[in-house]
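Here is what each chain is made of, one letter per residue.
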Amino acid sequence: MSKAFTKESTQDEDDEELALPSLPQGTRNYMTPAGYARLRAEFMALLDVERPKIVEIVSWAAKNGDRSENGDYLYGKKRLREIDRRLRFLTKRLDIAEVADPSAHHGSDQIFFGATVTYANAKGEERTITIKGIDESDSLAGEVSWISPIARALLKAREGDEVQLMTPGGVERLEVLEVSYPAPAS
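Residues numbered from 1 in each chain as written. Predicted model: local features only at pLDDT ≥ 70, side-chain atom pairs only at ≥ 80, totals over all residues. Heavy atoms only, no water.

**Brief notes about the pairing of strand β7 (residues 170-180)**
This is how it is decided: Any two strands are treated as partners once DSSP identifies two or more bridges connecting them. Elements are defined by DSSP. Helices are runs of H or I of four residues or more, strands are runs of E of two residues or more, and each kind is numbered from the N terminus.
Of the pairings in the sheet, the one linking strand β3 (residues 116-121) to β7 comprises 6 bridges and is antiparallel in character. Bridging from a neighbouring strand, Thr118 pairs with Glu178 of β7. Summarising the sheet, strand β6 (residues 162-167) and β7 pair through 6 bridges and their orientation is antiparallel. Directly across from Thr167, in β7, lies its bridge partner Gly170. Where β6 folds back on β7, the antiparallel hairpin that results is connected by 2 residues.

And the structure:
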């Protein structure tokens, strides 16, 4: 088949594959100090440790002759592209990050970014979630992004308040039972 009729991926398309949900237009990329530190550590590990190792392997493999059949060379080049793509993504996210320390609200009963909230639905089922940044939330650990529908419904509410959550099945009423924040570092 002629290469003239094959689609070549662009750099932007590759970045979209790795991208987490995009931020709403005009909003900030809020992140907890721990989340920022985690992304920064990943960035530094890729830049200072992993990338130099792969560059060394590719350089060694390139010296071995025919590159078209050299697995170390081909895999190494592919891995370098993946690392560079992730570094670009992390650079963009870290540049626009706004670190918000949830411990500043310690003792408050109002829900802001970083709050751990226990709520109950109309059936009395209780659930506890922590509102975190888009790049650090993990639904399996009970962490939701601050732009998620549940977080948006809960933000600014207080203990004892009832909020409405729009779901595909209709409006669901939730009662805020408890709000907590991490204690400030001493």
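Next comes the rest of the account.
**Section: the environment of Ile83**
To keep things clear, this is the line we draw: Burial status follows relative accessibility: with a 1.4 Å probe on protein chains alone, a residue under 20% of its type maximum counts as buried, one over 50% as exposed, and anything between as partly exposed.
Along the chain, Ile83 turns up in helix α3 (residues 71-95). Owing to a relative accessible area of 0%, Ile83 belongs among the buried residues under this scheme.

**Focus on the pairing of β3**
Counting buried positions over the 6 residues of β3 gives 5, a clear majority of the element. Of the pairings in the sheet, the one linking β3 to strand β4 (residues 126-132) comprises 5 bridges and is antiparallel in character. Note on β4: the bridge partner recorded for Thr118 is Thr128.

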